[in-house]
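Structural features, examined
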Amino acid sequence: MPQIPSLPGRGLPIQVHDSTTGELVVAAEGDTATMYVCGITPYDATHIGHAATYVGFDLLNRAWRDAGHTVTHASNVTDVDDPLLERATATGVDWWDLAVEQTALLAEDMTALGVVPPEVYRGAVEAIPDVVQAVEALIEDGFAYRVPVEPGAGGDAPELGDVYADLSADARFGAVSRLSRDDMVRLFGERGGDPERDGKKDPLDPLLWRRERVGEPSWDGASLGTGRPGWHIECAVIARDGLGLPFDIQGGGADLLFPHHEMSTSHDRLLDHGFGARNHVHAGLVAYQGEKMSKSRGNLVFVSALRATGVDPMAIRLALLAHHYRSEWEWTDADLPAAVERLERWRSAVSGNGGPDADATLAAVREALANDLDAPTALAAVDAWADVSLAEGRDTSEDTEGAPGVISRMVNALLGVRL
Ligand SMILES: Nc1ncnc2c1ncn2[C@@H]1O[C@H](COS(=O)(=O)NC(=O)[C@@H](N)CS)[C@@H](O)[C@H]1O
Ligand SMILES: [Zn+2]
């Protein structure tokens, strides 16, 4: 757990951009601020896209603490899901070994990048008993139904069928993304859904429990029969159990708004008769070589590969912070040298005993972060302080004794950069 230095004074109430309304909202009203940030599907960890999203939400975590909130941050690892099984099969490795190894690599990379670890962190496999209970409750309430599995499916009592959520039970389905039905069906098909499956009441109905298939891992599903959890219900249950409902922020990259956050919010609404996340916040997707950095495309830049070159991970973090968390941007090989240079400047600027007054810079950084986590503006404020501190022949008589200490503690606590 990285130590977060205390700072003089207190930060402002943090406002973030809510994807549903497109407006700035106060991220947390109460003393305890709660956020669920979706974790990785553990293969191809940790690429720059993952890191940009997690550093983005780490800013919210840190700014919330500076504003006086107690933070409960929950997250998951999707350590069983079709893409993971497919990758394990394609590369001839055991899927569970792959999940364990990649989850450890993510943790190592996040630690190196100074990301504060979540208080609640659960794997899909570990959460299966809770998912089973939730799916049984949804069936009980008439909010879920079964679809017969194809002949030859494995497991006991295959006639029990796969379990799907009945979205018609949720009058507010669609309220999160506000997409057209056509867009929903298209995105659902592109991102792990099965709109064309026969026997479903509605093509958008999402899988809650997939019955055992020959060659696939499966677990005891009590009255559901053996099988494994669907994707969206996993996050709905881990968030509900880890944070309680409603929680303040559901977060992730922009590709999770639909279907994943729409569906998991719908499940929580049905499980808790009305609540889910108060607001939904999404990070812009990072591209590389002209396309979104993604596992399916394989155009990936890995944090661990950059670290292996000996570059300071704090420079990687600064390279990410140079872009607003919601912006879509392209990683280029020039990003890192620019960040290394900035890191070196900041380090030499705080190396003296005194320095220009730090209070105005602290206030400017707090104001920038309170305004939808505007890291680029915050970095510019520190750049300005460093420029004065490093200016040739400047008049050091106005120097404030503790200024460099305030700056380095602030850069650490609020930006997560250790100088
Ligand atoms: N190119 C990218 N730029 C920014 N964020 C990205 C990028 N690719 C993936 N992410 C984000 O990284 C996080 C993990 O992505 S993931 O490994 O595919 N895993 C999942 O989306 C699910 N395990 C969430 S429950 C998600 O929030 C996703 O939106
Ligand atoms: Zn999720």
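Residues numbered from 1 in each chain as written. Chains lettered and ligands numbered in written order. Predicted model: local features only at pLDDT ≥ 70, side-chain atom pairs only at ≥ 80, totals over all residues. Heavy atoms only, no water.

**Observations regarding the coordination of the zinc ion (ligand 2)**
- For the zinc ion (ligand 2), the protein coordination sphere consists of Cys38 (SG), Cys235 (SG) and His260 (NE2), at 2.1 to 2.2 Å.
- Each of the four donor atoms around the zinc ion (ligand 2) contributes to a set of angles spanning 99 to 124°, which defines the coordination as tetrahedral.
- Written as a sequence motif, the donor arrangement for the zinc ion (ligand 2) is C-x196-C-x24-H. Of this pair, Cys38 sits in the loop between β3 (32-37) and α1 (48-66) while His260 sits in helix α7 (residues 257-271), and the two are 222 residues apart along the sequence.
- Cys38 sits in the buried class, given a relative accessible area of 5%. (Donors = N, O, S within 2.8 Å, 3.2 Å for Na, K, Ca; no water. Tetrahedral: all angles 85-135°; square planar, octahedral: opposite > 155°, others 65-115°. Helix = DSSP H or I, 4+ residues; strand = E, 2+ residues; numbered from the N terminus. Buried < 20%, exposed > 50% of the residue type's maximum accessible area, 1.4 Å probe, protein only.)

**Side note on the UniProt feature "short sequence motif: 'HIGH' region" (unreviewed entry) in the protein chain**
- UniProt annotation of "short sequence motif: 'HIGH' region" (unreviewed entry) refers to residues 40-50 when read in the numbering used here.
- The distance from the first to the last C-alpha atom of residues 40-50 is 8 Å, and the span holds 27% helix and 0% strand. (UniProt positions renumbered as here; feature names shortened; annotations may be inferred.)

**Topic: the site of ligand 1**
- Near ligand 1 you find 24 residues, and of these Thr53, Thr78, Asp255, Val286 and Met293 are the closest.
- Measuring from a nitrogen atom of ligand 1, one finds a backbone N or O atom of Val286 at 2.8 Å.
- Residue Met293 places a main-chain N or O atom 2.8 Å away from a nitrogen atom belonging to ligand 1.
- Alone, ligand 1 offers 600 Å² of accessible surface; in the complex the protein occludes 95% of this.
- Among the elements that take part in the shell around ligand 1, α1 stands out by supplying four residues, more than any other. (Near = heavy atom within 4 Å. Polar contact = N/O pair within 3.5 Å; in protein donor to acceptor, adjacent residues only side chain to side chain. Areas by Shrake-Rupley, 256 points an atom, 1.4 Å probe, with all protein chains shown as cover.)

**Here's the deal with the layout of surface pockets**
- Roughly 1,400 Å³ of internal volume is contained in the largest pocket.
- Residue lining of the largest pocket: 48 residues in total, with Thr41, Pro83, Trp231, Asp255 and Leu256 positioned closest to the centre.
- For the lining of the largest pocket, the secondary structure elements donating two or more residues are α1, α2 (82-91), α5 (181-190), β8 (207-211), β9 (227-229), α6 (231-243) and β10 (247-253).
- Here the second largest pocket defines a volume of roughly 350 Å³.
- As for the second largest pocket, its lining consists of 21 residues, and the residues nearest its centre are Met110, Val115, Val116, Pro117 and Pro118.
- For the lining of the second largest pocket, the secondary structure elements donating two or more residues are β3, α1, β4 (70-77) and α3 (95-112).
- Tallying contributions element by element places α3 first for the lining of the second largest pocket, with four residues. (1 Å grid on protein atoms, 1.4 Å probe; cavity = no way out; pocket = protein on both sides within 12 Å on 5 of 7 lines; lining within 4 Å. Points joined across faces, edges and corners; volume = space filled by probe spheres on them.)

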